[in-house]
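For reference, the chains in residue letters:
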Amino acid sequence: MAQRRSTSPGHRWVVLAVGAVAQGTNAAVFLGLPAITPQLRAHFDLSLPQVGMLLGAVNLGTALTLVLWGAAADRRGERLVMAIGGFGAAGCLALAAVDGPVVAGLALVGVGLFGASVNAASGRAVLTWFPAQRRGFAMGIRQTATPLGAALAAAVLPVVALHAGVPVAFLVLAGCTGFVAIAVVLWVREPPWAVRSGRGRHGVVLKDPDLIRLSTAGGLLVVPQFTAAALMVELLHDHRGVAVGAAAGLFAAAQVSGGVGRLVVGVWSDRSATRVGPLKVLSVLIAVGFALCAALDRAPVWLLAAVLVPTAALGLCWNGVAITAAGELAPPGRTGTALGMQNTANYVSATVTPPLAGWVAVAVGWPAALLLAAAAAVGARVLLAVPFAARQLAPELP
């Protein structure tokens, strides 16, 4: 009876819940740790560039292994992959609590190496369990967990690090990650209709022109997303004189709105004939929004904020639909590989964008940095112009 319940269509919501929590916990690490940058600098006696390298270690490990974890999920299933990745990431986080910046840096690379399993495998689980008419909404829920997990970590970790120390903050993250890995072992299962891949042939996915084009478009859309994430507070506070608390509040409003927007866009894509249609519209809106922000650089600050906040929110909305589209373009049994490919482009762009946009803002000016974001969105829209192949991952289920 227990086995029947774990493979019934209704179990999809359990898998989605575990996948979303895993996604949020993973985000709490790579997006939450920057919230304790001052404590990390003091604890390890680091300069600002050095702590930047420390924080970038997680992204480095993640970008290196996303495709490999996706291929492993296609062959062995997401339960095994997410469990190994979760327990491995928890162990590396515990190792990061050992005193010493070199050990912590290597451990955080390991966190990224293991934690990357969540991005491909949990997405594969959701896309396999849910029928096409509900995948956009389901992936919207999963992707909304990313900003929520980051926000929770940003609220909790500084308090923990301040009162109990940086090692305890690492141990808290390790405990949460290990707990999620246990939940994966207990509740994540494949549905009876899941298709696994055999050995090799994953290179076919990596050479697929549609997936290459979609992944490149996603990487370009990350540019406006992370331009806003990295520079919005700086733009409002340092450039336009908004109080830091008010600037942070506007940034938080954009993040929350963007998270809700992922759900809305997911439902929109479920009711559309194609996932790419919403992506095209969002690319245009994002480009127009950032171009307007550049034009309003010296306008009254309330007017700039009134355009910047919804534009930054739009920059968050597209992610879940793009990942869903990548999964649906993949051949049977290659969903994890396709998601790993899509996410690799996103992580590379997320790593490059903040320093590049910051340099442009300083060397050329804030309007130029905003126009760079707009240009990237235009580039994404151009790549999305050619029609994509349409495939179904699973039968239409109730």
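Definitions and cut-offs
- Counting restarts for each chain: residues are numbered from 1 in the order of the written sequence.
- Per-residue local features are limited, in this predicted model, to residues with pLDDT of at least 70; the limit for side-chain atom pairs, both in listing and counting, is 80 or more; totals at the level of whole chains, interfaces and linings are taken over all residues.
- Hydrogens and water molecules were not included; the side-chain quantities draw on all heavy atoms of the structure.
- Each helix is a run of DSSP H or I of at least 4 residues and each strand a run of E of at least 2, with the numbering of both proceeding from the N terminus.
- Two things to know: the radius of gyration comes from C-alpha atoms, and the globule rule equals 2.2 Å times the number of residues to the power 0.38.
- Only protein chains enter the calculation, and the probe is 1.4 Å; a residue is then buried if its accessible area is under 20% of its type maximum, exposed if over 50%, and partly exposed in between.
- Throughout, a contact is declared for two residues whenever any of their heavy atoms are within 4.5 Å.
- Under the convention used here, a 1.4 Å probe and the Shrake-Rupley method define accessible areas, while residue burial counts only the protein chains that appear.
- The positive count covers Lys and Arg only, the negative count covers Asp and Glu only, and His and the chain ends enter neither.
- Taken as the charge location is NZ of Lys, CZ of Arg, CG of Asp or CD of Glu.
- The residues that make up patches have over 30% relative accessible area and no salt bridge, and they are joined within 9 Å when like-charged or within 5 Å when they are Val, Leu, Ile, Met, Phe, Trp or Tyr.
- Basic side-chain nitrogens of Lys or Arg form a salt bridge, by our definition, when they fall within 4 Å of a carboxyl oxygen of Asp or Glu.
- In protein, a polar contact means a hydrogen-donor-capable atom and an acceptor-capable atom, both N or O and within 3.5 Å, with residues adjacent in sequence counting only if both atoms are side-chain atoms; elsewhere, any N or O pair within 3.5 Å suffices.
- Each residue gets a pLDDT score, which is the predictor's confidence in that residue and runs from 0 to 100.
- What a helix should span is 1.5 Å times the count of its residues minus one.
- To get an axis, a line is fitted to the C-alpha atoms, and for a helix only the part in contact is used. The angle between two axes follows their N-to-C directions and goes from 0 to 180 degrees.
- Any angle that falls under 35 degrees is termed roughly parallel, while one over 145 is termed roughly antiparallel, one within 65 to 115 roughly perpendicular, and all others oblique.
- Put simply, a crossing is left-handed when the front helix is turned counterclockwise from the back one by less than a right angle, and right-handed when it is turned clockwise.
- As used throughout, domain bounds are those supplied by an automatic or database domain assignment.
- Summed over both partners, the accessible area lost on bringing two parts together, with a 1.4 Å probe, is the buried area.

**Student:** Lay out the overall build of the protein with the relevant residues and their values.
**Tutor:** From N to C terminus, the protein includes 16 helices and zero strands. In terms of overall size, the protein behaves like a compact globule, its C-alpha atoms giving a radius of gyration of 20 Å where 398 residues would be expected to give roughly 21 Å. With the C-alpha coordinates of the protein rotated into their principal frame, the extents come out at 60 × 50 × 35 Å. Counting over 398 residues, the protein shows a buried share of 55%. Considering only contacts within the protein whose residues lie at least 6 apart along the sequence, 83% involve residues at least 24 apart. Accessible surface, the protein: about 16000 Å² in total, of which carbon and sulfur atoms supply 72%. Averaging the locations of the 26 positively and 13 negatively charged side chains of the protein gives two centres separated by 10 Å.

**Student:** So, a nonpolar patch on the surface: which residues are in play, and what are the values?
**Tutor:** The grouping of V14, F87, I182, V185, L186 and W187 at the surface amounts to a nonpolar patch, some 520 Å² of accessible area in total. Mapped onto the fold, L186 is located in helix α8 (residues 166-187).

**Student:** Describe the side chain of R262, naming the residues involved and giving the relevant values.
**Tutor:** Relative to the helices and strands, R262 resides in helix α11 (residues 244-270). The side chain of R262 is buried and forms no salt bridge, while D270, the nearest opposite charge, is found at 15 Å. Of the polar contacts made by the side chain of R262, one reaches the backbone oxygen of L316; its length is 2.7 Å. Every residue in contact with R262, bar those within four places of it in the chain, is listed here: G140, Q143, T144, T146, P147, Q225, L316, C317 and N319.

**Student:** Can you explain the confidence of the model for the protein? Please cite residues and give values.
**Tutor:** Detailed reading of predicted coordinates is not advised where the pLDDT is low. Of the residues in the protein, 94% reach a pLDDT of 70 or more, and the chain-wide mean stands at 86. Looking at the elements of the protein, mean pLDDT is at its lowest for helix α1 (residues 2-6), recorded as 49, and at its highest for helix α16 (residues 366-383), recorded as 96.

**Student:** Which residues make up helix α14 (residues 319-329), and what values do they have?
**Tutor:** Of all 11 residues in α14, 11 are buried, a share of seventy percent or more. Turning to α14, its buried residues number three or more, namely N319, G320, V321, A322, I323, T324, A325, A326, G327, E328 and L329.

**Student:** Quick rundown of α8? Include the residues and the values.
**Tutor:** Spanning 22 residues, α8 covers 32 Å between terminal C-alpha atoms, matching the ideal 32 Å at 1.5 Å per step. Considered for burial, the residues of α8 that qualify are V166, A169, F170, L173, A174, T177, G178, V180, A181, A183 and V184.

**Student:** Describe in detail unusual backbone geometry, supporting the description with residues and values.
**Tutor:** Here the phi dihedral of D45 falls at roughly 55 degrees; this positive angle occurs in a residue that is not glycine. Mapped onto the elements of the fold, D45 is located in the loop between α3 (37-44) and α4 (48-76).

**Student:** Please provide a residue-by-residue account of the pattern of salt bridges, values included.
**Tutor:** Taken as a whole, this structure holds eight salt bridges when the rule is applied. In this structure, D210 and R213 form a salt bridge, with 3.0 Å as the shortest nitrogen-oxygen distance. With D210 and R213 both in helix α10 (residues 209-239) and three residues apart, this pair spans about one turn of that helix. For the residue pair D210 and R213, the accessibility class agrees, reading buried in each case. The closest approach of N and O atoms between R298 and D297, which form a salt bridge, is 3.7 Å. Judged by relative accessible area, R298 falls into the exposed class, the value being 65%. In the salt-bridge network here, residues are joined through shared partners; they are D74, E78, R124 and E190.

**Student:** Break down the packing of helix α2 (residues 12-30) against helix α6 (residues 101-129) for me, with residues and values.
**Tutor:** The N-to-C vectors of α2 and α6 enclose an angle of 155 degrees; their axes lie 9 Å apart at closest approach. Here α2 is positioned roughly antiparallel relative to α6, judged by the angle of their axes. Relative to α6, the crossing made by α2 is left-handed. Across the interface between the two elements, R12, V15, L16, G19, A22, Q23, N26 and V29 from α2 touch V111, G115, V118, N119, S122, A125, V126 and W129 from α6.

**Student:** Break down the domain arrangement of the protein for me, citing the residues and quoting the values.
**Tutor:** The domains assigned to the protein are domain 1 (10-187) and domain 2 (205-385). Just the C-alpha atoms count here: the centres of domain 1 and domain 2 sit 22 Å apart. Listed by partner, the interface residues are 29 residues for domain 1 and 27 residues for domain 2. Carbon and sulfur atoms make up 63% of the surface buried where domain 1 meets domain 2, a total of about 2200 Å² over both sides. When the area that domain 1 buries against domain 2 is broken down by residue, the three leading residues are V67, D74 and Q143, summing to 22%. Our count for the contact surface shared by domain 1 and domain 2 stands at one salt bridge. Taking the shortest distance from any N to any O, the salt bridge between R135 and E328 comes out at 2.7 Å. Where domain 1 packs against domain 2, one counts nine residue pairs in polar contact (both at pLDDT 80 or more). In terms of residues, the side of domain 1 that touches domain 2 owes the most to one element, helix α7 (residues 132-164), which gives 14 residues.

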